[in-house]
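Geometric and topological summary
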Amino acid sequence: MLIRKAPDLRFSDITPKSLYLRRREFLKAAGIAVGAAAAGVASPFATDAAAQQKQGTGHGGKLANVKKSPLSTTGEKLTSWDDITSYNNFYEFGPYKEDPKENAGTLKPRPWTIQIDGFVEKKGTFGFEEFTHPYPLEERVYRMRCVEAWSMVIPWVGIPLKDIIAAYKPTSQAKYVEFVTAFNPAQMPGQRTRMLPWPYVEGLRMDEAMNPLAILAVGLYEEELPNQDGAPIRLVTPWKYGFKGIKSISKIRFVDYQPKNTWQVMTPNEYGFYANVNPNVDHPRWSQATERRIGTFFRQKTLPFNGYADQVASLYSGMDPKKLY
Amino acid sequence: MKRIVLLKRITFIAALIPAAMLVYYAVQGDLTANPIEFITHFTGDWAIRFLVITLAITPLRRVTGWNPIIKFRRMLGLFSFFYATLHFLTWFVLDWFFNFRQMAEDVVMRPFITLGMATFVMLLALAVTSTQNSIRRLGRKWTQLHRLIYVAAVTALFHFWLARKTVVPQFQVLLVAAVLLLGFRAWWTLRTRVHARPSTAH
């Protein structure tokens, strides 16, 4: 069937940038023309075409000494670099999928600090290099299932979260880990709007955070993480919906309460704390039974825990699966 | 008279530009990483834009006093239906690929889809009764039936609102425009009724 071939017939690689840019210009112009009557709704995401190819949103530095991990998912076709870095939900840079690539050039991922706080022995603020340097980098190929029912397969480069947590020595009072994205409206234009309550917050139960699958990613395709994918460091928990993967982390707190993650605060009837991928629990507005893998035409079945049940299902034994969304 | 025909032709061609752009992006392979989602949003956006533009015609006529503008209303309404049809077909063919069970479930169980489908059915009813013949045949009923466009505007905006995880700027613009236009009509109707009352008393 002809239409099935569509994803292979992408010419974006050979399309001159100037031509490619016209789509955005057209969409903006159209939006502005229609919305002219409602002046005053100025978009903070308006950027001129000349500034589109910003530093930090294209290819970054090559990462050395990345070792392959046995925990990588095998037998799946990797999603292309272009798709992983041009189709992002990162509301700090705008509500549309193409916004982060276009706007994230303003983010400065270096110098970067990560603050460690809460029920932990080694409190303090640590530079990115100091925070990440002691650990060997691992490549982890994981499926990424978005709550919006699309998915990718991404070769992340990162550090097991459990190794980092162990180094800072949380105390016995630490029951949950809370992650906070950097708050910097000057660099993150979305934070100048009230689209979401800022800064973005996510959390994991301590045993979830210590699961070997959970990583803090600093790269993909053996390159430094581009800004739109959450530079310089982000969470990856492949058995959960993508929104759990908080980007551009600047604070990690060890707490004794269940953190209120941003989407749960925003829409509590649609998004919960656990957000484990579950084809049997529908989102109120759409089914979660199937997903569309980016780059393919037909939907495919979504797997419980996104196919990682063997490694993580035991974390939730005795819990009502309906409460785990 | 001739000028109107020319203007109508220009409007017709202009209204086809979004469809042409969509074809152009497809040929360029420039439909983002998720082409089906992009086409769905693109066609849905234009269906609502044309719906709001159609709603603007009568208020513009009242404000400017330029009566021939009414000759554009049907064509613009039909373009809203045209983009809504592309939007519907994208969902029906590309998104669910004739998976009738899943589509039926969505229409029944999910208000977001229910509202979209209801809007489409209303626009369909308006489109098939948009001919001169129907206007003549239905008479007064035609006017009543075509008030459905106000309902369709509300359900379409509701559908759009539910389609996104947050309130996007594009939605705010269309909402403000629709509220202003529907508000104008309500105000105009009230005003003319108040003015009409003394004359009916005679």
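Keep in mind that this is a model prediction, so the values were computed, not measured.

A few words now on the overall build of chain A. Per the secondary structure count, chain A includes eight helices and 13 strands. At a minimum sequence separation of 6, the contacts of chain A that also span at least 24 residues come to 72%.

Turning our eyes to something else, we now look at the overall build of chain B. What chain B contains, in helices and strands, is nine helices and zero strands. Along chain B, helices (α) and strands (β) appear in the sequence α-α-α-α-α-α-α-α-α when read from the amino end. In terms of overall dimensions, chain B has a C-alpha envelope of 65 × 45 × 35 Å along the principal axes.

Between its terminal C-alpha atoms helix H8 (residues 148-163) of chain B stretches 22 Å, which fits the 22 Å expected from 16 residues at 1.5 Å a residue. For H8 of chain B, the complete set of buried residues consists of Ala152, Ala153, Thr155, Ala156, Leu157, His159 and Phe160 of chain B.

Mapped onto the elements, Ala217 of chain A comes out in strand E8 (residues 215-220). Excluding its chain neighbours within four sequence positions, the residues that come into contact with Ala217 of chain A are Trp156, Val157, Gly158, Leu225, Arg234 and Val236 of chain A.

In this section: the nonpolar core. The biggest cluster of nonpolar side chains holds 63 residues, and the ones touching the most others in it are Trp156, Ile215, Leu216 and Ala217 of chain A. Per-element accounting of this core gives the leading share, six residues, to strand E5 (residues 150-160) of chain A. Every residue in contact with Leu216 of chain A, bar those within four places of it in the chain, is listed here: Gly158, Ile159, Leu161, Ile164, Ile233, Arg234 and Leu235 of chain A. Of all hydrophobic cores here, the second largest spans 40 residues; its members include Ile39, Ile53, Phe81 and Ala152 of chain B.

Mean pLDDT over chain B: 91, with 96% of residues reaching 70 or higher. Scoring of the predicted complex yields 0.83 for pTM and 0.80 for ipTM.

Residue and element names in this part refer to chain B. Contact geometry for helix H3 (residues 73-95) and helix H5 (residues 111-128): axes closest at 10 Å, N-to-C directions at 135°. With respect to H5, the element H3 is oriented oblique. Crossing angle aside, the handedness with which H3 passes H5 is left-handed. For the pair formed by H3 and H5, the contact residues are Gly77, Leu78, Ser80, Phe81, Ala84 and Phe88 on the first element and Phe120, Leu123, Leu126 and Ala127 on the second.

On to the sheet that holds strand E6 (residues 176-181) of chain A. Residues and elements named next belong to chain A. Strand order in the open sheet formed by five strands is E3-E2-E11-E6-E7, with mixed pairing between adjacent strands. For this open sheet the edge positions go to strand E3 (124-127) and strand E7 (201-205), each flanked by a neighbour on one side alone. Across the sheet, the axes of successive neighbouring strands diverge by a mean angle of 20°, strand direction being ignored. Relative to E7, E6 runs antiparallel, the two being bridged by five bridges. Bridging from a neighbouring strand, Val177 pairs with Leu204 of E7.

Before going further, it helps to spend a moment on the packing of helix H2 (residues 35-64) of chain B against H8 of chain B. Residues and elements named next belong to chain B. For the pair H2 and H8, interaxial distance at closest approach is 10 Å and the crossing angle is 145°. The hand of the H2/H8 crossing is left-handed. The segment H2 lies against H8, with Ile48, Leu51, Thr54 and Leu55 engaging Ile149, Ala152, Ala153, Ala156 and Phe160. Residues belonging to the contact of H2 with H8 are distributed by class as follows: eight nonpolar, one polar and no charged.

A few words on the pairing of E3 of chain A. Within a regular strand, the side chains alternate between the two sheet faces. All names here are of chain A. Summarising the sheet, strand E2 (residues 113-118) and E3 pair through four bridges and their orientation is antiparallel. Counterpart to Gln115 in the pairing with E3 is Thr125. Here E2 hands over to E3 after five residues, the two strands then running antiparallel side by side.

A few words now on unusual backbone geometry. All names here are of chain A. With an omega of -10°, the peptide bond between Arg110 and Pro111 qualifies as cis. Take Pro111: it is sitting in the loop between helix H3 (99-103) and E2. Residues Ala231 and Pro232 are joined by a peptide bond in cis, for which omega reads -5°. Even without glycine at this site, Lys169 takes up a positive phi of about 55°. By the element assignment, Lys169 lies in the loop between helix H5 (161-168) and E6.

Rules behind the numbers
Residues numbered from 1 in each chain as written. Chains lettered and ligands numbered in written order. Predicted model: local features only at pLDDT ≥ 70, side-chain atom pairs only at ≥ 80, totals over all residues. Helix = DSSP H or I, 4+ residues; strand = E, 2+ residues; numbered from the N terminus. Contact = placed C-beta atoms within 7 Å. Expected span 1.5 Å × (residues − 1). Buried ≥ 20, exposed ≤ 12 C-beta atoms within 10 Å, placed from the backbone. Core = buried A, V, L, I, M, F, W, Y, C linked by C-beta atoms within 7 Å. pLDDT = per-residue confidence, 0-100. Axes fitted to C-alpha atoms, helices over the stretch in contact; angles between N-to-C directions. Parallel < 35°, antiparallel > 145°, perpendicular 65-115°, else oblique. Left-handed = near helix turned anticlockwise from the far one by under 90°. Pairing = 2+ DSSP bridges. Nonpolar A, V, L, I, M, F, W, Y, C, P; charged D, E, K, R; others polar.

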